[in-house]
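Report on the structure
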Amino acid sequence: MENLYVGIDISKEYSTAQGIDVRGKKLFYLEMPMDSHGFSMLLKAIRLQSRELDAVTVAMESTASYHINLLSFLTSQGIKVFVINPLLISNFVKLSLRKTKTDKKDALAIARFLLQHKDSFEQMHVRKDISDMRDLARQREALVVQMTAEKVGIIKEAAKGSVGIASFTKEIVIRQKASVLLQLEKHLQEITSLLTEQCEAMMREEMEILKSIKGIGDKVATNFLVEMGGDIHNFKNHRKLIAMAGIDPAVYQSGKYDGRGRISKRGNSHLRRVIWLIAERVVQCNEYFRTYYLKRR
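Residues numbered from 1 in each chain as written. Predicted model: local features only at pLDDT ≥ 70, side-chain atom pairs only at ≥ 80, totals over all residues. Heavy atoms only, no water.

1. Looking at the sheet that holds strand E5 (residues 80–84)
One open sheet holds the five strands; their spatial order is E3-E2-E1-E4-E5, and the pairing between them is mixed. Unpaired on one side and paired on the other, strand E3 (26–33) and E5 mark the two borders of the sheet. Taking the axes of each pair of neighbouring strands and ignoring which way they run, one obtains an average angle of 20° across the sheet. Pairing between strand E1 (residues 4–9) and strand E4 (residues 56–61): five bridges, direction parallel. Directly across from Tyr5, in E4, lies its bridge partner Thr57. Each of E1, strand E2 (14–20), E3 and E4 is contacted by helix H1 (residues 36–49), which is oriented at about 170° to E3, the strand it contacts most. (Pairing = 2+ DSSP bridges. Helix = DSSP H or I, 4+ residues; strand = E, 2+ residues; numbered from the N terminus. Axes fitted to C-alpha atoms, helices over the stretch in contact; angles between N-to-C directions. Contact = heavy atoms within 4.5 Å.)

Structure (structure tokens):
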């Protein structure tokens, strides 16, 4: 069965999909609503071109949150799906001599980008179980951000009446914010326990290796392994992992000038965040890393 490559241009209410074969020939084009009916339409179009879903590879750009439901649906069907940094697609489109901008062109560009870089993407394919754990990890991250905002809100409200003036309205506001905070804390503990339990069951050895470094605990070790993709052997060397996280230095070349600037930030922002947390903690808690950090600084 010949492989099928599908590019999907995601938007909030309607998305477009373009399927091509290994030679780049257009096989189908579809406009679909971003709901269960639209997802069924896409699956039907895919099945008409490839009965074996193992031969199907889908790519879509990373959006704020609009791609998540479709991503979950396709992976549940056993289809390989890759979420691509929009900057990569933008640079790929700029190489084209024709600058036409339409949804149909965008979906085709994503499909062609996938076809051209299929070997690289295959090496970085994330298993369904790791993908599910990654969803949990990112939900946990979102809860932490929300809890921080609630705590700041409570402090601000309390500060307004800190001179001892009684205020019935402020009391209600603070009480409600505290109630929300306690509920968020309950959700956070539930996700953290589940995530740690699954990671220990699937990657116990990797967890123990990370936690053997002073300063690294269950939470950051779990987040790192999940965002990294669960298997360090996916990376040929440490530079590949650095590039995936987007902490590789950007290179600037112009004429005789050849220099390096700030980090590229073109990789997985969640992985980049957890690496920063790990670095911060080991510098604080680990003499070996603190000495190295001070030397480099």
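There is more to say after this.
2. Describing the packing of helix H9 (residues 218–228) against helix H11 (residues 269–285)
For the pair H9 and H11, the least separation of the axes is 9 Å and the interaxial angle reads 145°. Crossing of H9 against H11: the hand is left-handed. Between H9, through Val220, Asn223, Phe224, Glu227 and Met228, and H11, the contact on the second element is made entirely by His270, Leu271, Val274, Ile275, Leu277, Ile278 and Arg281. Broken down by class, the residue content of the contact of H9 with H11 amounts to eight nonpolar, two polar and two charged. (Left-handed = near helix turned anticlockwise from the far one by under 90°. Nonpolar A, V, L, I, M, F, W, Y, C, P; charged D, E, K, R; others polar.)

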